Amino acid sequence: MKQISCGSLRASNVGETVDLLGWVHTIRDHKDTFFIDLRDWEGITQIVTHKSKLKDETIELLTNVLRETVLKVTGEVKKRPPGTENKKLLTGEIEVEIKDVEILNECAVLPYHFKDYKNTAIQIRLKYRYVDLRNPIMLNNIITRGKVTNEVHRYMEEQGFIDIETPMLTKSTPEGARDYLVPSRVHQGKFYALPQSPQLFKQMLMCSGIEKYYQIARCFRDEDLRPERQPEFTQIDIEMAFIEQEDIINVVEGLLKRVFEKIKGIKVKTPFPRMNYKEAMTRFGTDKPDTRFGMELHDITDVIPKDTEIFQTIFDNNGIINAIKVDRYAKISNKKFAKLRRYVRQDFKAKDLAQIALKEKGTKSALKKYLDEKTIEKIIKAVGAKKGDNIFIIGDADKSIVYQALGELRLRIAEELEIIPKDEFNFLWIVDFPLFEWDYDEQRWTAMHHPFTSPKAEFIDSFDEDPESALANAYDIVLNGYELGGGSIRIHNPEVQERMFKTLNIPPEIAKINFEFLIEALKYGAPPHGGLAIGLDRLIMLLVETDNIRDVIAFPKTRNAKLPIGDAPSRVTTQQLDDLGIQIKPEVLQLLEEEKEEKED
């Protein structure tokens, strides 16, 4: 039916008679002339007709037609009159003069128009997502996603990788984030879990003799949502046998270079810079630093006298005191500073935030009550501040609080001051992660990445005796302050894997229940192997330069993990529950009934 798109006509087509099909983007009635912008997914063509050439019924049709009505237009391609060309459109040199028009489907009054998407509640946009996606910006996001996945497939196949699907209904394991559980009808009382990652299956593929695996994998995590996270997400999953860290890094750099050149037309320089975890934390307060701007952290712990009263607890517990310098920010108001204090205290558990504002008429700081002028000057010198600058200081016995609070404050101020370059893409590898981190709530060591990550070679013999010192053979790829992906060289020796479970305080009986199949696979000739997963949703988000992952997913969930189209999750029938051997608690039923009554009201 459709042969010519609304974005394809050019001056070379003048004189041709064409059929165009699409949506009414806009319609303008100018006395004796109708102008219609007809839109499809490739572009817009201006349709024009003079009322004197139309039948009365056609005039009535066009007078009453609503935006987003679907039309078929037959007409002649003509060159626009001089001075009326539209350089913003690829079709801007021409217009199509109507010979015939047909309404294929009339549009009802829209619940909202996508042109007003910035002022429309996200719940409305997601409920009517099929309207929202007609927005050329949103449509381009989804089309770009498709182009990226096509490019990924081409590149991976060129590199000799095989696309292999792994199970969606898998075994639940207690480690890590919460699983989405699927009850079994055939095996009542038992549950599948939707995969958080194909991790164990891709490792077993390496044991199977598949040396290069990849998959565009769907994954699920039942966790609280953030702007860059969804409960179901997609990752570019990669695993290779007989490799070292350099091999997987080279493959991933080649993939990202290819995608950015093909999709964005940007030549990416490789190899990417590398930074170890410790340096990233001490310089930027995060293991996913945005290196497009400075404002780095400075450790001023040794500058401050150890007998300073307000910092005594920090010194007694071997804590740290760090600072960031913000250029030309000394004139910050008291109200603004109070807002920043609340931000670091409420969101990141910092005890407080201090400032040293270097004003033209002198230095302003509440710290002057506790520190002498000489110490203040040492701090100023240590961070390289000058008149007009401001220094923000946070200290704590818990280093992670200092790093996180100052790292996030750095980003917030940089965004407020608009000093982050928008046209830069700074890739960075973070390497040499700690193998473990201490869980203060559970009072045990947990895996910083996952329990299948191999220690670096020099820690293989000692990681279980000295967990705090052990480094992981792990690597994350970071782009502009976002963790784009992460991976590691895996444990391929069953004895090392069992030692890892023991160090993580996973009882042998639990390890056997959850991971016996993996241990067995490792015993039967597992090769050295490793891999990485790139978050596809996040990659697209950065490519199209939006700040919310919802914008690159066709049908995303809301912040409370609901799918507005179809209203999922929803209640099911008693028969369905009986088939599964499931009974809902009375108190939950009561809440569901109350919710139903509220909706009906």
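Residues numbered from 1 in each chain as written. Predicted model: local features only at pLDDT ≥ 70, side-chain atom pairs only at ≥ 80, totals over all residues. Heavy atoms only, no water.

*Asks:* An account of the sheet that holds strand β14 (residues 354–359) is needed here, citing residue identities and associated values.
*Replies:* The pairing of strands in a sheet comes from backbone hydrogen bonds and takes either a parallel or an antiparallel form. With respect to topology, 5 strands assemble into an open sheet ordered β12-β13-β16-β14-β15, the strand pairing being antiparallel. Of all strands in the sheet, those with a lone pairing partner are β12 (297–299) and β15 (362–364), marking the two edges. Put simply, the sheet's adjacent strands are angled 25 degrees from each other on average, direction ignored. Sheet topology note: the β14/β15 ladder contains 3 bridges and is antiparallel. What sits directly across from A357, in β15, is K364. (Pairing = 2+ DSSP bridges. Helix = DSSP H or I, 4+ residues; strand = E, 2+ residues; numbered from the N terminus. Axes fitted to C-alpha atoms, helices over the stretch in contact; angles between N-to-C directions.)

*Asks:* An account of the packing of aromatic side chains is requested, with residue identities and associated values reported.
*Replies:* What the rule picks out here adds up to 15 aromatic pairs. Between Y277 and F433, the ring centres sit 5.4 Å apart and the planes meet at 40 degrees, which makes this aromatic pair tilted. Note that Y277 is positioned in helix α7 (residues 277–284) and F433 in the loop between β17 (427–431) and β18 (436–439), a separation of 156 residues in sequence. In this structure Y277 comes out as buried when scored by relative accessible area, which is 17%. In this structure F433 comes out as buried when scored by relative accessible area, which is 1%. Seen in terms of ring centroids, F337 and F392 are 6.2 Å apart; in terms of plane orientation they differ by 20 degrees. Their pairing is stacked. Pair noted here: F337 is in helix α9 (residues 334–348) and F392 is in strand β16 (residues 390–396), with a separation of 55 residues, a long-range link. Overall, the relative accessible area of 0% leaves F392 in the buried class. (Phe/Tyr/Trp six-rings, centres within 6.5 Å; stacked < 30°, edge-to-face > 60°. Buried < 20%, exposed > 50% of the residue type's maximum accessible area, 1.4 Å probe, protein only.)

*Asks:* So what about the environment of L532? Which residues, and what values?
*Replies:* For L532, the position within the fold is in strand β22 (residues 529–535). C-alpha of L532 to C-alpha of E239: the two residues are 293 residues apart in sequence and 6.6 Å apart in space. Setting aside residues no more than four positions away along its own chain, L532 makes contact with K202, I236, D237, I238, E239, I248, V252, W429, Y475, G486, G487 and R490. (Contact = heavy atoms within 4.5 Å.)

*Asks:* Kindly report on the pattern of salt bridges, identifying the contributing residues and their values.
*Replies:* Evaluated as defined, the whole model comprises 38 salt bridges. Note that E232 and K557 form a salt bridge whose closest N and O atoms lie 2.2 Å from each other. A residue pair is termed long-range when its members are at least 10 positions apart, and E232 in strand β10 (residues 232–241) and K557 in the loop between α14 (536–543) and α15 (574–580) qualify at 325 residues. By relative accessible area, which is 13% here, K557 ends up buried. (Salt bridge = Lys/Arg side-chain N within 4 Å of Asp/Glu carboxyl O.)

*Asks:* Describe the domain arrangement of the protein, with residues and values.
*Replies:* The domain boundaries assigned to the protein delineate domain 1 (11–105), domain 2 (139–265 + 437–551) and domain 3 (293–417). If you average the C-alpha positions of domain 2 and of domain 3, the two centres end up 38 Å apart. (Domains from an automatic or database assignment.)

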